[in-house]
Amino acid sequence: MPYAVASSLACRPIAHPARARMPGAAPRVSRRLRTLAALACTVLAGCGAAPGVAGRAPSAAGPPRPALDSVAGGPNLFGCWGGGLLTVHRPLRAEDWRFPAEGQPLLVGARGERPAADGCGPARTTVREVPADVGDGRLVSVMPEAIALTANGREIWRRATTGALNDAIVYRGLVVAIGPHGLFRWTAERGGEPVPVPLPPALVGRDWRALLREGETFWLTDADGLSVRLAPTTTTFEAVRVVGEPARLLPADLGLRAPVVGGRVEATLGGEGVRLLDERGLLAGLVATPPVRALLPLPGGRRLLVAGPDTLWVVRVDGDVAHAAIEVSWPTGGPTARLFDVGGRIVAVGAYGVLTLEPGT
């Protein structure tokens, strides 16, 4: 597959929507989605044995880098209270809050930061669901989905976050993500947090796990495998409505595929290692990795972003697909659900929230 044709595709397993099964009726697959799947992830047969890939020194050109200062969303892990300051840690971000006697709590600082392994240390109090007194009888709690302030047993302030994100789609330049605390939209603005998208009342509180876009609508799937088809009510995805009846989607394709210069790469969702195939579809090499969750070809065709259980890697192809190696890796603090190229901005969505990557050279 020519790189110029497919360089913007980020392939993940594709499930096909089937109508709700009635007694004696067989599921019917959406023709549009089959067509999209065929265009996005065309597979040529690969065969033959391949040698292992030896590591090579990276070239002078540098890979993209995580922009930790613009991490958005994600769960709160814990807070550290001391000296009148509450530092709330997420997997890739820390925020500093003060609680003046009058007025609302103040966000006084935020930065990309991985939490220290030893937590708060001896000089500060660790705050989770068990609250800390901010000095005047008000109590602050740090929960995965929110920071909350109470007075006399009554909640007087709450600052919600997305929690861990299970899946995402791109809709007209917006990243739309689902997690245990609901549906969110994110506009790729630096420093901007994901915004909640209200679900219809009948869908609130269910354990939603997956998203699948189909044209101008999308499927929302719960932990029991039941899917509901929704459509945004506005072009900016401010609200959604139910379309049609619930259904069960056909099983997803576990194959992950992406083009690179000289051929393509393949992996199996949840399987270890990345396979490199040449232009004839023959297996040319292997790159050892932990279980793979997503792939994304990067601009230029010589690099591939690979997501694992708690790490992002950049695999570089030098010369041909038989010469490739992991160039750099970064811990994410949780699994990645999706990788996207959103208007030239590389975006990873997962248990840590929404992470952007600065372009490489």
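These figures come from a predicted structure and were not determined experimentally.

1. Topic: the overall build of the protein
For the protein, the count of helices and strands is two helices and 29 strands. Residue burial in the protein is summarised as follows: out of 361 residues, 49% are buried. Accessible surface, the protein as shown: approximately 16500 Å² in total, 55% of it carbon and sulfur.

2. Structural notes on the sheet that holds strand β29 (residues 353-358)
Pairing is antiparallel across the open sheet formed by four strands, whose spatial order is β1-β29-β28-β27. The open sheet has two edge strands with one neighbour each: β1 (65-66) and β27 (336-342). Two elements, strand β28 (residues 345-350) and β29, share five bridges in a ladder whose sense is antiparallel. Paired with Gly 350 across the strands is Gly 353, a residue of β29.

3. Digging into the side chain of Arg 90
The topology assignment puts Arg 90 in the loop between β3 (85-89) and β4 (93-98). If near-sequence neighbours (up to four positions away) are discounted, Arg 90 is found in contact with Ala 72, Gly 73, Gly 74, Pro 75, Asn 76, Leu 77, Glu 95, Glu 113, Pro 115, Arg 159, Thr 161 and Glu 193.

4. Re the confidence of the model for the protein
On average, residues of the protein score 82 in pLDDT, and 82% of them reach the 70 mark or higher. For the protein, per-element mean pLDDT is lowest for helix α1 (residues 3-6), which scores 31, and highest for β3, which scores 97. In this model residues 1-60 is a low-confidence stretch, pLDDT under 50, and it forms 124 contacts with partners more than four residues away in sequence or in other chains.

5. Here's the deal with the pairing of strand β15 (residues 208-214)
Across six bridges, the pairing between β15 and strand β16 (residues 217-222) is antiparallel. Residue pairing in the sheet places Trp 208 in a bridge with Asp 222 of β16. In textbook terms, the turn of a hairpin is the stretch between consecutive antiparallel strands, and for β15 and β16 this stretch comprises two residues, one of which, Gly 215, has a positive phi near 65°.

6. Considerations on the state of the cysteines
Scanning the model with the defined rule gives one disulfide in all. Note that Cys 80 is cross-linked by a disulfide to Cys 120, the S-S spacing being 2.0 Å. Judged by the torsion about the S-S bond (-90°), the Cys 80/Cys 120 disulfide is left-handed. Placement of the pair is Cys 80 in strand β2 (residues 78-82) and Cys 120 in the loop between β5 (106-112) and β6 (125-127), with a sequence separation of 40 residues.

7. Points about the pattern of salt bridges
A full pass over the atoms with the stated rule returns 18 salt bridges. The salt bridge partner of Arg 229 is Glu 214, with a shortest N-O separation of 3.7 Å. Here Glu 214 lies in strand β15 and Arg 229 lies in strand β17 (residues 227-232), a separation of 15 residues in the sequence. Arg 229 gets classed as partly exposed once you look at its relative accessible area, which sits at 24%. A single network of salt bridges, built from pairs that share partners, joins Arg 90, Arg 93, Glu 95, Arg 159 and Glu 193.

8. Brief notes about the environment of Val 240
By secondary structure assignment, the location of Val 240 is in strand β18 (residues 240-242). Given the relative accessible area of 9%, Val 240 is considered buried. For the pair Val 240 and Pro 198, spaced 42 residues apart in sequence, the C-alpha separation works out to 7.2 Å. Those residues within four positions of Val 240 in sequence are excluded, and the remaining contacts are Leu 183, Val 197, Pro 198, Leu 199, Pro 200, Phe 218, Leu 230, Ala 231, Pro 232 and Thr 233.

9. Let's talk about the packing of aromatic side chains
In total, this model carries five aromatic pairs according to the counting rule given. Geometrically, the ring pair formed by Tyr 171 and Phe 237 is edge-to-face, given 5.1 Å between the ring centres and 75° between the ring planes. Taken together, the residues Tyr 171 in strand β11 (residues 167-171) and Phe 237 in the loop between β17 and β18 connect sequence positions 66 residues apart. Of the two residues examined, Tyr 171 and Phe 237, each falls in the buried class. Ring pairs connect the aromatic residues Trp 81, Trp 97, Phe 99 and Trp 157, which therefore count as one cluster.

10. Regarding the sheet that holds strand β9 (residues 146-151)
In space, the four strands of this open sheet follow the order β7-β8-β9-β10, with antiparallel pairing throughout. Each having just a single partner strand, β7 (132-133) and β10 (154-160) make up the two edges of the open sheet. Examined bridge by bridge, strand β8 (residues 139-143) and β9 share five bridges and lie antiparallel to one another. Looking at β9, one finds that Leu 139 is bridged to Thr 150.

11. Digging into unusual backbone geometry
The phi dihedral of Asn 152 is positive, around 55°, even though this residue is not glycine. Relative to the assigned elements, Asn 152 resides in the loop between β9 and β10. Take Asn 152: its relative accessible area is 83%, and that puts it in the exposed class. Positive phi is not limited to glycine here, since Arg 172 has a value of about 50°. One can find Arg 172 in the loop between β11 and β12 (174-179).

12. Things to note about the side chain of Thr 311
Along the chain, the position of Thr 311 falls in strand β25 (residues 311-317). A distance of 3.0 Å separates the side chain of Thr 311 from the side chain of Asp 310, its partner in a polar contact. Not counting residues up to four positions away in its chain, the partners in contact with Thr 311 are Val 306, Ser 329, Trp 330, Pro 331 and Thr 332.

Here is what the cut-offs are and how they apply
Residues numbered from 1 in each chain as written. Predicted model: local features only at pLDDT ≥ 70, side-chain atom pairs only at ≥ 80, totals over all residues. Heavy atoms only, no water. Helix = DSSP H or I, 4+ residues; strand = E, 2+ residues; numbered from the N terminus. Buried < 20%, exposed > 50% of the residue type's maximum accessible area, 1.4 Å probe, protein only. Areas by Shrake-Rupley, 256 points an atom, 1.4 Å probe, with all protein chains shown as cover. Pairing = 2+ DSSP bridges. Contact = heavy atoms within 4.5 Å. pLDDT = per-residue confidence, 0-100. Disulfide = S-S within 2.5 Å. Salt bridge = Lys/Arg side-chain N within 4 Å of Asp/Glu carboxyl O. Phe/Tyr/Trp six-rings, centres within 6.5 Å; stacked < 30°, edge-to-face > 60°. Polar contact = N/O pair within 3.5 Å; in protein donor to acceptor, adjacent residues only side chain to side chain.

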